[in-house]
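Examination of the molecular architecture
Okay, here's what each chain looks like letter by letter:
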Amino acid sequence: MSGTSSLVRTALLSLALAAPLPAVAQNSERAAENFRQADADGDGHLVYAEFASFIDLNAEDGIGNAQRVSTRGLHARAFERIDANGDGIVSPAELQAVR
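So, a few notes on the structure that sits alongside this text. (Residues numbered from 1 in each chain as written. Predicted model: local features only at pLDDT ≥ 70, side-chain atom pairs only at ≥ 80, totals over all residues. Heavy atoms only, no water.)

**Looking at the side chain of His75**
Position of His75 among the secondary structure elements: in helix α5 (residues 75-82). Setting aside residues no more than four positions away along its own chain, His75 makes contact with Tyr48, Phe51, Ala52, Ile55, Asp56, Val69 and Ser70. (Helix = DSSP H or I, 4+ residues; strand = E, 2+ residues; numbered from the N terminus. Contact = heavy atoms within 4.5 Å.)

Here it is, written out as structure tokens:
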């Protein structure tokens, strides 16, 4: 699981890079915690409902573009965009690919 955890942190760091530099580390840690919280079954991947929760948690914390996605109801569109292989789950690698 540490490999998945490392990949999740890297992916979430890339999402947090839109923030000012001093906030990047804090946002990355918070986003990683939001990922763990949203991942209800603990499998290291997010199905749509978990992904929507992840976006909403990030929006509450002002991380990346999550607030725009959440307030505009663009969860499904974001999920489809990030789920590159169309398997119905968002992996840490797919999150990382969306820089």
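**Digging into the nonpolar core**
The biggest cluster of nonpolar side chains holds 16 residues, and the ones touching the most others in it are Leu46, Phe51, Phe54, Ile82, Val90 and Leu95. Per-element accounting of this core gives the leading share, five residues, to helix α3 (residues 48-60). (Core = buried A, V, L, I, M, F, W, Y, C linked by side-chain atoms within 4.5 Å. Buried < 20%, exposed > 50% of the residue type's maximum accessible area, 1.4 Å probe, protein only.)

**Considering the packing of aromatic side chains**
In this description, a pair of aromatic rings is defined by centroid distance and the angle of the planes. Scanning all chains against the criterion turns up three aromatic pairs. Pairing Phe51 with Phe79 gives two aromatic rings, centres 5.4 Å apart and planes at 65°, and the pair type is edge-to-face. Taken together, the residues span a long stretch of sequence, with Phe51 in helix α3 and Phe79 in helix α5 at a distance of 28 residues. Judged by relative accessible area, Phe51 falls into the buried class, the value being 0%. Pairwise contacts between aromatic rings join Tyr48, Phe51 and Phe79 into one cluster. (Phe/Tyr/Trp six-rings, centres within 6.5 Å; stacked < 30°, edge-to-face > 60°.)

**Overview of α5**
When α5 is considered as a whole, its buried residues turn out to be His75, Ala78, Phe79 and Ile82. The arc that holds every buried residue of α5, seen down its axis, measures 100°, which confines them to one face. Summarising the geometry of α5, the exposed residues directed more than 90 degrees from the buried face are Arg77, Glu80 and Arg81. Looking at the buried residues of α5, the elements they touch are α3, α4 (66-71) and α6 (92-97). (Arc of directions from axis to C-beta.)

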